[in-house]
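Descriptive analysis of the structure
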Amino acid sequence: MKRVLAALLCLGLCLGLAGCGHFVSIMPGSEAGGGAIGDAPPESLDDFRERPLMEMLGWQDFAASYYSDTPVALSIRTPDRGFASPIFDRSSIIAACDSLRAMRVTGRTENQASPDRGTVYTFTMDDGQELSVTFEGSQVDLSTGVYTVSGLEALSGLTFPGYSDGYDVFDLYYDDDVRAFADNFSTAAPISVGRRSNGGATLTSRDAGVVSQAFSLLQNARIVRVEENPDQNIDLTQTTDYVFSMEDGTYYTFTFTGPCLTVTPSADYGPVYYWLEGIDELSAMTILPESTVPTFEGGPITGMREDIAQAQAAASGQLPGISVIGVYVDYNIQGQHGYLTLSGDTAASFVRQVTSITADGAVTTPIGEDITVFITLSDQSGPIIVFNGDTVQQLVGINHACDYNAMANLRALIQQLSLDERNIGQMIENATN
């Protein structure tokens, strides 16, 4: 829907600009005339010379390059709503650039600049540079004064999440696959939906009614606003993922940070946090009844939890761009309580050994020595694996019996690594003294 609207907008702009006589091609390789007035003294009302807005802004280089070096995002902020809402589709951003390039500054006014009352459009480049321009009514606020401008109505065809009802949750990803997932839900529904908190175990339901309910709540949610200060107003340590798995093995994950849907359409721009209305039911819905135990039929503990499987894949180099950056172990072995910190190849090797342990039937009351393994991956995710005696915890209250020899080897490895760590520490202390 957004692509069609953007295409129509671009067509309308081109037709309108051709009719007004101000449109001059500035595709790469052509000339962009004029120089910016910068901080030059303001012209008098009588001496003012009509000129392109891009020239007044000093954006000639930008005007000549935005087709090949297109901004990664364009955001709008209005004084009444008070938040910046970005869009990321190239066609809409190009349409906005075309509109600005065609605008002309037609006169200087006696008004004073009022940035707090104007609507601000901001282009973000892939290097983080931002270019902003402020409009109020039919006027533009520049450093040298307030000017009247023609052609501003062309920007009114652009829509932004939170400022328009034309967006749903799936539009926010600017991803054709996510859009197709939503559009084809009635004919190609997921086979399951899961919920995962803070990167932990995923509780999954294959109930078609539960899957449909979770999808509908996402689909019908209304975008209220964009959070500009997430580090101040939401808890960034609390995340909840809703994972829809398809029959062919692909899956779609929708992540909430605190109460906000978190989307990263552009790595250069970073995450965007959307406050949604009508989403409370999603967090309250039951994915699995409390009495239901997720099925684990035995085998390597990577089959027990998705986060453990991901750690094993990262340690084995099977996840491009994601690796093990550290392991912290809190252990009680033969009455000795200690801690162990690993990094680099040692950490990766340790993760491979831990995640290769096999487990079998559920145990109701595990008894024995405690070993807790905290794994940190380079994307800041990673599981916490809790061993009690010769069992491993799947979920709180659900433990499975581990292979006896594998657990003996794990304890021996921890003791050896702890001894090595103490010896290295003593060597450093001796050398210092």
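Things to note about the confidence of the model for the protein chain
For the protein chain, mean pLDDT is 84; residues scoring 70 or higher make up 84% of the total. Segment residues 1-41 is flagged for pLDDT under 50; beyond a separation of four residues in sequence, or across chains, it makes 59 contacts in the model.

Here we look at the pattern of salt bridges
Tallied over the entire structure, the rule returns 12 salt bridges. Its salt-bridge partner being Arg-196, residue Asp-241 comes within 3.1 Å of it at the nearest N-O pair. Here Asp-241 is found in strand 12 (residues 239-245), whereas its partner Arg-196 is found in strand 9 (residues 192-197), with 45 residues between them in sequence. Overall, Asp-241 belongs to the buried group, its relative accessible area being 10%. For Arg-196, the salt bridge goes to Glu-306, with nearest N and O atoms at 2.9 Å. Within this pair, whereas Arg-196 is found in strand 9, its partner Glu-306 is found in helix 9 (residues 306-315), the two being separated by 110 residues in sequence. Judged by relative accessible area, which is 11%, Arg-196 ranks as buried. Residue classification places Glu-306 among the partly exposed positions, given a relative accessible area of 40%.

Thoughts on the sheet that holds strand 22 (residues 391-395)
If you trace the 8 strands from one edge of the open sheet to the other, you get 16-19-23-22-21-20-17-18, paired in antiparallel fashion. Only two strands of the sheet have a single neighbouring strand rather than two, namely strand 16 (299-300) and strand 18 (336-342). Bridging between strand 19 (residues 358-363) and strand 23 (residues 398-402) involves 3 bridges; their strand directions are antiparallel. Within strand 23, the residue paired with Ala-362 across the bridge is His-400. With respect to the sheet, helix 9 is in contact with strand 17 (324-333), strand 20 (370-377) and strand 21 (384-388), its orientation differing from that of strand 20 by roughly 60 degrees. Running over the sheet, helix 10 (residues 344-355) touches strand 16, strand 17, strand 18, strand 20 and strand 21 and is turned about 60 degrees from strand 17.

Remarks on the sheet that holds strand 6 (residues 130-136)
Here 8 strands make up an open sheet; going across it, the order is 1-4-8-7-6-5-2-3 and the pairing antiparallel. The sheet terminates laterally at strand 1 (51-52) and strand 3 (84-87), the two strands that pair on one side only. Sheet analysis places strand 5 (residues 119-124) next to strand 6, joined by 6 bridges and oriented antiparallel. Paired with Phe-123 across the bridge in strand 6 is Leu-131. Lying over the sheet, helix 4 (residues 90-102) contacts strand 2 (73-77), strand 3, strand 4 (104-108), strand 5 and strand 6, oriented at roughly 120 degrees with respect to strand 5.

Description of helix 9
Within helix 9 the residues assigned to the buried category are Asp-307, Ile-308, Ala-311, Ala-313, Ala-314 and Ala-315. Check the buried side of helix 9 and you find it contacts strand 17, helix 10, strand 20 and strand 21. Backbone geometry just after helix 9 places Gly-317 at a positive phi near 75 degrees.

Calculation rules
- Residues numbered from 1 in each chain as written.
- Predicted model: local features only at pLDDT ≥ 70, side-chain atom pairs only at ≥ 80, totals over all residues.
- Heavy atoms only, no water.
- pLDDT = per-residue confidence, 0-100.
- Contact = heavy atoms within 4.5 Å.
- Salt bridge = Lys/Arg side-chain N within 4 Å of Asp/Glu carboxyl O.
- Helix = DSSP H or I, 4+ residues; strand = E, 2+ residues; numbered from the N terminus.
- Buried < 20%, exposed > 50% of the residue type's maximum accessible area, 1.4 Å probe, protein only.
- Pairing = 2+ DSSP bridges.
- Axes fitted to C-alpha atoms, helices over the stretch in contact; angles between N-to-C directions.

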